[in-house]
Amino acid sequence: MIDFDFTEPREDAAAYLLFDRCTIVTITSGTDAGGAPTESETSVTSACAFNQASARELQGDVVKERGSYRLKLPRVAAISATSQVIFHGRRYRVVWTPPLTNIGLTRLVGLEDA
């Protein structure tokens with residue numbers, strides 16, 4: 001049986017589809033030795049494609065559920081509902097992260113202004 005490695009073709013296809021760059025910020029909360037709350041940020045730059053949601057999607061509760069903006073990321077990008085995204089100097093909060101599937105090269109998340 002032949003074992004094919006599709007890593008490079010997938011990376012090439014993702015680079016073609018995701019032509020922008022954004023920064024994914026992960027915020028970690030905790031407490032210091034004295035019990036005071038602390039917060040730290042970790043950031044990773046990723047390929048992405050940023051779009052405003054279409055007018056059809058901006059009806060009713062959908063904007064609250066899925067956000068005003070759509071961000072496509074590589075399927076393997078680490079992002080969660082507590083993450084924030086910086087795109088062209090503006091910060092957005094993640095409001096919608098559908099479950100990750102093994103189908104496709106990208107994943108879509110919903111954003112709102114932070």
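Asker: What am I meant to see in the nonpolar core here?
Answerer: General note: in soluble globular proteins, nonpolar side chains tend to be found buried as a group. Cys22, Phe50, Leu71, Leu73, Ile79, Val85 and Leu111 are the most contacted members of the largest nonpolar core, which totals 15 residues. Every element with two or more residues in this core is listed here: β1 (20-31), β2 (37-52), β3 (69-74), β4 (84-87), β5 (90-96) and β6 (106-113). In this structure, Leu73 is in contact with Leu18, Cys22, Ile24, Ser46, Ala47, Cys48, Ile79, Leu105, Thr106, Arg107 and Val109, ignoring residues within four places of it in sequence.

Asker: Even after reading the chapter, I still don't get the environment of Ser29, so can you show me in this structure?
Answerer: Of note, Ser29 is situated in strand β1. On a C-alpha basis, the gap between Ser29 and Ser40 in space is 6.6 Å, while along the polypeptide they are 11 residues apart. Contacts of Ser29, omitting those with residues within four sequence positions, involve Thr38 and Glu39.

Asker: Mind showing me how you'd approach the packing of aromatic side chains here?
Answerer: How two aromatic rings sit relative to each other is set out by the distance from centre to centre and by the angle between their planes. In this structure the tally under the stated criterion is 4 aromatic pairs. Judged by centre distance (5.4 Å) and plane angle (25°), the rings of Phe50 and Tyr69 are stacked. Note that Phe50 is positioned in strand β2 and Tyr69 in strand β3, a separation of 19 residues in sequence. Taking relative accessible area as the criterion, Phe50 reaches 17% and is therefore assigned buried. For Tyr69, a relative accessible area of 13% translates into the label buried. With centroids separated by 5.1 Å and ring planes inclined at 45°, the aromatic side chains of Phe50 and Tyr92 adopt a geometry described as tilted. Pair noted here: Phe50 is in strand β2 and Tyr92 is in strand β5, with a separation of 42 residues, a long-range link. By way of ring pairs, the aromatic residues Phe50, Tyr69, Phe87 and Tyr92 are connected into one cluster.

Rules behind the numbers
- Residues numbered from 1 in each chain as written.
- Predicted model: local features only at pLDDT ≥ 70, side-chain atom pairs only at ≥ 80, totals over all residues.
- Heavy atoms only, no water.
- Core = buried A, V, L, I, M, F, W, Y, C linked by side-chain atoms within 4.5 Å.
- Buried < 20%, exposed > 50% of the residue type's maximum accessible area, 1.4 Å probe, protein only.
- Helix = DSSP H or I, 4+ residues; strand = E, 2+ residues; numbered from the N terminus.
- Contact = heavy atoms within 4.5 Å.
- Phe/Tyr/Trp six-rings, centres within 6.5 Å; stacked < 30°, edge-to-face > 60°.

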